[in-house]
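Chain residues, written in single-letter form:
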Amino acid sequence: MTDLKSKIDPSRIPSHIAIIMDGNGRWAKERGQERVYGHYEGVVSVREIVNTCGELGVKYLTLYAFSTENWNRPKAEVDALMELLVNTIRKEVDDLKKNNVKLHVIGDFASLPEVCQKEMNEGMEITGENTGLNLVLALSYSSRLEILNASKALASKVAKGELLAENITEEDFKSCLDTCNFPDPELMIRTSGESRISNFLLYQLAYAELYFTPVHWPDFRKDNLFEAVLDYQKRERRFGKTSDQIQKTTV
Ligand code: FPP
């Protein structure tokens, strides 16, 4: 077996990786199982990817665990997902603390069931002093709603006379997003063969490298992450500049 990890350049690890964990349902159906079985197995991948990000020195990992659109799924699946989230955090929080992982949540927190809010609040409190990997769970998250809420917050400041509309900066806008304390992701991974961003971090992914893999989330493990990081390291990140300009600054 090739040692993929040894091929990774430790000086160019993305500091923020964002993942759309797709394909749990299809993975389960392919095995003649109910969709929730895929979500259960998906948690095993979550654990392995969190540990691997810690091992690589990634500073931020954002996981799209539940979108606002996911509320439209059959109630039994929504309930099972919420229960899984609560039970997973309850079970894993001691290890998160021990492994220096700090938990964060973005999204429409108030729309989550109370028990879920409570578990997440406890998880954030228990891991609050940790300084290693920041694990950001996007729960009941919609990027369009986040952008709309940021616009409303700025409009309200303008209405109160706290800010002049013509003076609004990108920094003002960013400070109103759920992600205000995190840098933008450099790498966005989506599993299961779909080549879309859907409603995930639309503003923050402007310059992210996008990596799409046919692998379903429950099969996405350590080596798959190494492959994604290796692919990222092959890319030239130009931020609108020319290739020549970039090469001059890196020699
Ligand atoms: C997408 O697959 C996956 C989800 C909507 C849920 C992801 C949640 C988990 C893996 C559990 C997360 C737990 C923690 C603690 C972060 P899908 O159901 O849309 O699959 P399909 O496209 O094949 O139907």
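Being a predicted model, the structure only gives us computed values, none of them experimental.

**A closer look at the pattern of salt bridges**
If you walk through the whole model with that rule in mind, you get 19 salt bridges. Note that Glu30 is salt-bridged to Arg31, the shortest N-O span being 4.0 Å. Relative accessible area serves as the criterion here: at 39%, Arg31 is assigned to the partly exposed category. Within the structure, one salt-bridge network assembled from shared partners comprises Asp22, Arg26, Arg190, Glu194 and Arg196.

**Examining helix α8 (residues 222-234)**
The terminal C-alpha atoms of α8 lie 19 Å apart, and with 13 residues this matches the ideal 18 Å at 1.5 Å per residue to within 8%. The set of residues buried in α8 consists of Asn224, Leu225, Phe226, Ala228, Val229, Leu230, Tyr232 and Gln233. Packing partners of the buried residues in α8 comprise α1 (4-7), β1 (16-20), α3 (35-56), β5 (187-190) and β6 (209-212).

**Overview of unusual backbone geometry**
What you tend to see is this: most non-glycine residues have negative phi, and most peptide bonds are trans. Phi at Asn100 is positive, roughly 65°, even though this residue is not glycine. As for its position among the elements, Asn100 is in the loop between α4 (75-98) and β3 (102-106). With relative accessibility at 28%, the residue Asn100 sits in the partly exposed group. Of note, the phi angle at Ser140 is positive, near 50°, even though the residue is not glycine. In this structure, Ser140 sits in strand β4 (residues 134-141). Taking relative accessible area as the criterion, Ser140 reaches 1% and is therefore assigned buried.

Thresholds, definitions, all that
Residues numbered from 1 in each chain as written. Predicted model: local features only at pLDDT ≥ 70, side-chain atom pairs only at ≥ 80, totals over all residues. Heavy atoms only, no water. Salt bridge = Lys/Arg side-chain N within 4 Å of Asp/Glu carboxyl O. Buried < 20%, exposed > 50% of the residue type's maximum accessible area, 1.4 Å probe, protein only. Helix = DSSP H or I, 4+ residues; strand = E, 2+ residues; numbered from the N terminus. Expected span 1.5 Å × (residues − 1). Contact = heavy atoms within 4.5 Å.

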